[in-house]
Amino acid sequence: MKAIVQERFGPPDILELVDTDRPEVSAGQVSIRVRAAALNPYDWHMLRGDPYVARLMGGVGLTRPKCRVAGIDVAGQVESVGAGVRGLRPGDEVLGFCHGSFAEYARTAADLLVPKPAGLTFEQAAAVPMAAVTALRGIRTVGQVRAGQRVLVNGAAGGVGTFAVQIAVALDAEVTGVCSTPNVDLVRSLGAAHIVDHTREDFTEGRERYDVILDNVGNRPLSRLRQVLTPTGTLVANGGGSPGRVFGAVGSMLRVIAVNGFVRQQLRTILPSTPAGPVREDLLAVTALIEAGTLTPVIDRTYPLAAAAEGVRYLERGHARGKAVITVA
């Protein structure tokens, strides 16, 4: 099979499209014929070995990538199933989490997959797992957003942000989206009641106070974010953005955790680096929202498998609207 492989840490230019063995399935696993796979910051963190502290923690490998084949979001068709797998059979269309999804075939645990909504293309389906589950956890699980609350999403036009705005709107919150000028119309179309164009104003200098802030960008000091929270409001810091070379988001997230013990406000973190927790339940929750018509993936652009390096470079520039996706013929 063809797969995008990286043998050592470095820039995305050293990615190679090579022939590899088709993965064999073990008990509890599913082999997938990949149709599309989304690009995530997680992918290029791994490809570059950033931040360095993640290597010591075992997250990406010490001297070379732990997973030679990139990718974690997947949409495709079940090719074969291992012993003990129930509810999935060859030919089923699925989406979910799968390490090594930048390939023609990949394998993953059966409980990391759910049926693909019939109304989605494979490209749209591939955009869902990491970004939508992260948004769901940030808004509903951790942020505990309720009807009538004022919610601000920083980075509202990104992969997580576009889902987060829609989920908060579905919960009947009053949503403010922070984005750049070219993305104002997009964020408004997702249901945001208010827009802050960060190229023209700083939301931390305004008079508005928010019950919940989901910060997907990490470009404002914690003290400034707290100033625009209500006295008992909740800040959810999403550590999935630019990692930095040494500590990346780890340092800022530890600071959030440390300060939380001394203030009335609720300061929380989420780190969408590896699927953990009730993954299947969260995937089913977001696909239910999609099937109900209240959640729609936003696709910026697509790349063929052979152009994955170009897609990673585009993602690194930080200007993607929604998701960028790899297509596999």
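Conventions we followed
- Residues numbered from 1 in each chain as written.
- Predicted model: local features only at pLDDT ≥ 70, side-chain atom pairs only at ≥ 80, totals over all residues.
- Heavy atoms only, no water.
- Axes fitted to C-alpha atoms, helices over the stretch in contact; angles between N-to-C directions.
- Helix = DSSP H or I, 4+ residues; strand = E, 2+ residues; numbered from the N terminus.
- Parallel < 35°, antiparallel > 145°, perpendicular 65-115°, else oblique.
- Contact = heavy atoms within 4.5 Å.
- Nonpolar A, V, L, I, M, F, W, Y, C, P; charged D, E, K, R; others polar.
- Pairing = 2+ DSSP bridges.
- Buried < 20%, exposed > 50% of the residue type's maximum accessible area, 1.4 Å probe, protein only.
- Polar contact = N/O pair within 3.5 Å; in protein donor to acceptor, adjacent residues only side chain to side chain.
- Core = buried A, V, L, I, M, F, W, Y, C linked by side-chain atoms within 4.5 Å.
- Right-handed = clockwise from strand over helix to strand, strands pointing away.
- Expected span 1.5 Å × (residues − 1).

Colleague: Can you break down the packing of helix α1 (residues 41-48) against helix α10 (residues 308-316) residue by residue, with the values?
Modeller: Across the interface, α1 lies against α10 with an axial gap of 10 Å and an inter-helix angle of 105°. Taken together, α1 and α10 sit at an angle that is classed as roughly perpendicular. Taking contact as the criterion, the partners of Pro41, Trp44, Leu47 and Arg48 in α1 are, on α10, Val312, Leu315 and Glu316. Tallied by class, the residues present in the contact of α1 with α10 amount to 5 nonpolar, no polar and 2 charged.

Colleague: Explain the sheet that holds strand β9 (residues 174-179) to me, and be specific about the residues and the numbers.
Modeller: One open sheet holds the 6 strands; their spatial order is β10-β9-β8-β11-β12-β13, and the pairing between them is parallel. Two strands in the sheet have a free side with no partner beyond their single neighbour: β10 (194-197) and β13 (266-270). Adjacent strand axes in the sheet meet at a mean angle of 15°, parallel and antiparallel pairs treated alike. The sheet contact formed by strand β8 (residues 150-154) and β9 spans 5 bridges and is parallel. Across the sheet, residue Leu152 finds its bridge partner in β9, namely Thr176. Against the sheet, helix α5 (residues 159-170) makes contact with β8, β9, β11 (210-215) and β12 (229-238), and its axis sits at roughly 170° relative to β8, the strand it touches most.

Colleague: Go over the environment of Tyr314, please, and point to the residues and values.
Modeller: Within the fold, Tyr314 resides in helix α10. Judged by relative accessible area, which is 8%, Tyr314 ranks as buried. Once the C-alpha coordinates of Tyr314 and Arg209 are considered, the two residues, 105 residues apart in sequence, prove to be 34 Å apart. Leaving out residues up to four positions away in the same chain, Tyr314 has contacts with Asp300, Arg301, Tyr303, His319, Ala320 and Arg321. Within the structure, Tyr314 has its side chain in polar contact with the side chain of Asp300 (distance 2.5 Å).

Colleague: Can you explain the nonpolar core? Please cite residues and give values.
Modeller: Core analysis: the largest hydrophobic core is formed by 53 residues, its most contacted members being Phe97, Val128, Ile139 and Val151. In terms of residue count, helix α4 (residues 129-142) provides more of this core than any other element does, 7 residues in total. Ranked by size, the runner-up nonpolar core spans 35 residues in total, among them Ala37, Ala110, Ala309 and Val328.

Colleague: Quick one: what's the story with the pairing of β9, residue by residue and with numbers?
Modeller: β9 sits mainly inside the fold: 5 of its 6 residues count as buried. Regarding the hand of the β-α-β motif, the stretch spanning β8, α5 and β9 is right-handed. Relative to β10, β9 runs parallel, the two being bridged by 4 bridges. Among the inter-strand pairings, Thr176 is bridged to a residue of β10, identified as His194.

Colleague: Which residues make up α5, and what are the values?
Modeller: Under the 1.5 Å per step criterion, the end-to-end length of α5 is 17 Å for 12 residues, consistent within 8% with the ideal 16 Å. Among the 12 residues that make up α5, 10 are buried, leaving the element largely enclosed by the rest of the structure. Among the residues of α5, Gly159, Val160, Gly161, Thr162, Phe163, Ala164, Val165, Gln166, Ile167 and Ala168 are the ones counted as buried. Phi turns positive one or two residues past the end of α5, at Asp172, with a value near 65°.

Colleague: Tell me what's going on with the packing of α4 against helix α9 (residues 279-291), and back it up with residues and numbers.
Modeller: The contact between α4 and α9 brings their axes to 9 Å, and the two run at 95°. Classified by the interaxial angle, the pair formed by α4 and α9 is roughly perpendicular. For the pair α4 and α9, contact is made by Pro129, Ala132, Val133, Leu136, Arg137 and Arg140 and by Val279, Asp282, Leu283, Ala285 and Val286, respectively.

Colleague: Before we move on, can you summarise unusual backbone geometry with the specific residues and values?
Modeller: With a phi close to 50°, Gln144 is a non-glycine residue in the positive phi region. Structurally, the position occupied by Gln144 is in the loop between α4 and β8. Using a relative accessible area of 53% as the deciding quantity, one classes Gln144 as exposed. Even without being a glycine, Asp172 presents a positive backbone phi close to 65°. With respect to the helices, strands and loops of the structure, Asp172 is situated in the loop between α5 and β9.

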